[in-house]
Amino acid sequence: MIVTQLGGMMLGVVDSMMLGHFSVDALNASALGRIWIFGTQLFAMGVLLGLDPIISQSHGAHDRERLGRALQRGLLVALFLSLPIGILWLFTGRALTLFGQTSELSAMAQGYAIVQLPGLPFFLCYWVLRSWLQGRGIMRPAMWVILLANILNVIANWALIFGPAAATLARVALTYIKMPYRPRFHLSRWRALMSFSIWLTFSEIVKTISLRAVPLVVGAFLPTVAVGQFSVGERVASMPVRESIGALQATLFPAFSRMANDLGRMRAAYVRAQAMTS
């Protein structure tokens, strides 16, 4: 899990390093573009996080039908959410201008966002499949896929767009080989997903605002070179702690979900987790 988290982080780090050799303006524009891209994906990520407890509980109860429905509906929701998010990406330049960024950098950031539009639905589907595998305790396919994506990314930067698609196809194939199942197509009981998603979405929005507001302030009041310098420095400096915590959260969330009906066991697991991270 830690290797997978670090691998996902390295995709963005390598992207920044490659753009830095191309031009400072390109690096700065990509940093601003990533802020808008990630910020607009928050709602979708919050909604899709609602799958985690459903998948974990279904897997723990050996309910294959509900497990299949969770995957099906998660993929449908991911495809649906990619439409409004993609529309927001078309207005990246205007949004960044409203936040005080220069028109030149805003225009370049919009180009950076538009180029990634084809990969948006694949990325959201990748997010769903990662949660589905993770909730079932299947970790190795994600690790090998992210390592392969990093190799391709070093060879050619455009692999960032098609990496999520390759990861999605590989995860689908490996998961089907391990447990073949084709759920029937229907959209009933969607409230189970939304009941978990509302508060998770709000939490993700607050967390991202607190993390991403600083680069916007840097770009508004300091020279444009400072935006790229701050982005690369912050990304590299925070990588060890952020990715270690992310790996722990991804592991503990489905584990706690399986213990929802056993408070004593959950308390003991929580104490052990706190002792390990302190």
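Rules and cut-offs
- Residue positions are given per chain, counted from 1 along the sequence in the order it is written.
- Only residues with pLDDT of at least 70 get local features here, since the model is predicted, and only at 80 or more are side-chain atom pairs given and counted; chain-wide, interface and lining totals rely on the full set of residues.
- Water and hydrogen atoms were dropped before computing side-chain values, which therefore reflect all heavy atoms in the structure.
- Here a helix means four or more residues in a row that DSSP labels H or I, a strand means two or more in a row labelled E, and each is numbered from the N terminus.
- For every residue, the accessible area obtained with a 1.4 Å probe (protein chains only) is divided by the maximum for its type, and the residue is called buried under 20%, exposed over 50%, and partly exposed between those limits.
- Should any heavy atoms of two residues lie within 4.5 Å, those residues are counted as being in contact.
- We call a set of buried Ala, Val, Leu, Ile, Met, Phe, Trp, Tyr and Cys residues a nonpolar core when their side-chain atoms join them within 4.5 Å.
- Fitted lines through C-alpha atoms serve as axes, helices being fitted only where they are in contact, and the angles separating the N-to-C directions of these axes extend from 0 to 180 degrees.
- Should the near helix be turned anticlockwise from the far one by less than a right angle, the crossing is termed left-handed; should it be turned clockwise, right-handed.
- Here the nonpolar group is Ala, Val, Leu, Ile, Met, Phe, Trp, Tyr, Cys and Pro; Asp, Glu, Lys and Arg are the charged ones; every other residue, Gly included, is treated as polar.
- Basic side-chain nitrogens of Lys or Arg form a salt bridge, by our definition, when they fall within 4 Å of a carboxyl oxygen of Asp or Glu.
- What counts as a ring pair is set by centres within 6.5 Å for rings of Phe, Tyr and Trp (its six-membered ring), and what kind of pair is set by the plane angle: stacked under 30 degrees, edge-to-face over 60, tilted for all other angles.
- Cation placement over rings: the criterion is NZ of Lys or CZ of Arg within 6 Å of the ring centroid and within 35° of the ring normal.
- To estimate how far a helix should extend, the number of its residues minus one is multiplied by 1.5 Å.
- Working definition for bend: take the seven residues up to and ending at a residue and the seven starting at it, fit an axis to each, and measure the angle between the axes.
- Polar contacts here mean pairs of N or O atoms no more than 3.5 Å apart (in protein, one a potential hydrogen donor and the other a potential acceptor; neighbouring residues in sequence count only if both atoms are side-chain atoms).
- Think of pLDDT as the predictor's per-residue confidence, scored from 0 to 100.
- Candidate patch residues must exceed 30% relative accessible area and have no salt bridge, after which like charges are joined if within 9 Å and Val, Leu, Ile, Met, Phe, Trp or Tyr side chains if within 5 Å.
- Each accessible area is a Shrake-Rupley estimate made with a 1.4 Å probe; only the visible protein chains count as cover when residues are assessed.
- Every angle not falling under 35 degrees, over 145, or within 65 to 115 is termed oblique; those three ranges are roughly parallel, roughly antiparallel and roughly perpendicular.

**Details of the overall build of the protein**
No. 1: Across its full length, the protein carries 12 helices and zero strands.
No. 2: Helices and strands in the protein line up, N terminus first, as α-α-α-α-α-α-α-α-α-α-α-α.
No. 3: Put simply, the protein has 278 residues, and 44% of those count as buried.
No. 4: Look at the contacts in the protein between residues 6 or more apart in sequence, and 83% of them connect residues 24 or more apart.

**Topic: the nonpolar core**
No. 1: With 27 residues, the main nonpolar core has Leu48, Trp89 and Leu124 as its most contacted residues.
No. 2: At the level of elements, helix 2 (24-49), helix 3 (51-60), helix 4 (64-89), helix 6 (103-115) and helix 7 (120-135) are the ones that each hand at least two residues to this core.
No. 3: Apart from residues lying up to four places away in sequence, leucine 124 is in contact with Ala44, Leu48, Ala78, Leu81, Ser82 and Ile85.

**A few points about the side chain of serine 58**
No. 1: Structurally, the position occupied by serine 58 is in helix 3.
No. 2: Non-local contacts of serine 58, meaning those with residues more than four positions away in its chain, are made with Asp63, Arg66 and Leu67.

**A closer look at the packing of helix 3 against helix 7**
No. 1: Where helix 3 meets helix 7, the closest approach of the two axes is 8 Å, and the angle between their N-to-C directions is 35 degrees. Judged by the twist between their axes, the crossing of helix 3 over helix 7 is right-handed. For the pair formed by helix 3 and helix 7, the contact residues are Leu51, Asp52, Ile55, Ser56 and His59 on the first element and Val128, Ser131, Trp132 and Gly135 on the second.
No. 2: In terms of residue class, the contact of helix 3 with helix 7 is built from four nonpolar, four polar and one charged.

**Examining the pattern of salt bridges**
Side chains that differ in charge, positive against negative, can pair when their charged atoms come close.
No. 1: Counted according to the given criterion, the structure contains one salt bridge.
No. 2: Measuring nitrogen to oxygen at the nearest pair gives 3.4 Å for the salt bridge that ties arginine 69 to glutamate 65. Within this pair, arginine 69 and its partner glutamate 65 are both found in helix 4, separated by four residues, close to a single helical turn.
No. 3: On the basis of relative accessible area, arginine 69 is assigned to the buried category, the value being 11%.

**Describing unusual backbone geometry**
Trans peptide bonds make up most of the peptide bonds, and negative phi angles are found at most residues other than glycine.
No. 1: A positive phi angle, near 55 degrees, is found at histidine 62, a position not held by glycine.
No. 2: By the secondary structure assignment, histidine 62 is in the loop between helix 3 and helix 4.

**With respect to the packing of aromatic side chains**
No. 1: Applying the stated criterion to the full structure yields two aromatic pairs.
No. 2: For the ring pair phenylalanine 123 and tryptophan 127, a centre distance of 6.2 Å and an interplane angle of 55 degrees mean the geometry is tilted. With phenylalanine 123 and tryptophan 127 both in helix 7, this residue pair falls four residues apart, about one helical turn.
No. 3: Owing to a relative accessible area of 22%, phenylalanine 123 belongs among the partly exposed residues under this scheme.
No. 4: The class of tryptophan 127 is buried, set by a relative accessible area of 14%.
No. 5: Ring pairing ties together the aromatic residues Phe123, Tyr126 and Trp127, which thus form one cluster.
No. 6: Over the ring of tryptophan 127 we find arginine 130; its NZ or CZ atom is 4.5 Å from the centre of that ring.

**Observations regarding helix 4**
No. 1: The terminal C-alpha atoms of helix 4, which comprises 26 residues, lie 37 Å apart, in line with the 38 Å expected from a rise of 1.5 Å per residue.
No. 2: Maximal helix bending in helix 4 amounts to about 25 degrees, located at leucine 83; proline proline 84 follows within four positions.

**With respect to the side chain of serine 56**
No. 1: In this structure, serine 56 sits in helix 3.
No. 2: For serine 56, a relative accessible area of 0% corresponds to the buried category.
No. 3: Within the structure, the side chain of serine 56 is placed 3.0 Å from the backbone oxygen of aspartate 52, a separation counted as a polar contact.
No. 4: Look past the residues within four positions of serine 56 in its chain and what remains in contact with it is Gly135, Pro254, Ser257 and Arg258.

**Comments concerning the confidence of the model for the protein**
No. 1: When the pLDDT values of the protein are averaged, the result is 76; 73% of them are 70 or greater.
No. 2: Confidence, read as mean pLDDT per element, is least for helix 9 (residues 159-178) in the protein (58) and greatest for helix 4 (89).

**Concerning a nonpolar patch on the surface**
No. 1: Side chains of Ile87, Leu90, Phe91 and Ile114 sit close together on the surface and give an oily, nonpolar patch of about 340 Å² of accessible area.
No. 2: Along the chain, the position of isoleucine 87 falls in helix 4.

**Quick word on the packing of helix 2 against helix 7**
No. 1: The geometry of helix 2 relative to helix 7 is characterised by a closest axis approach of 10 Å and an angle of 30 degrees between their N-to-C directions. Looking at the two axes, helix 2 sits roughly parallel to helix 7. Considering how the two elements wind past one another, helix 2 and helix 7 form a crossing that is right-handed. Between helix 2, through Gln41, Ala44, Met45, Leu48 and Leu49, and helix 7, the contact on the second element is made entirely by Leu120, Phe123, Leu124, Trp127 and Val128.
No. 2: Residues belonging to the contact of helix 2 with helix 7 are distributed by class as follows: nine nonpolar, one polar and no charged.

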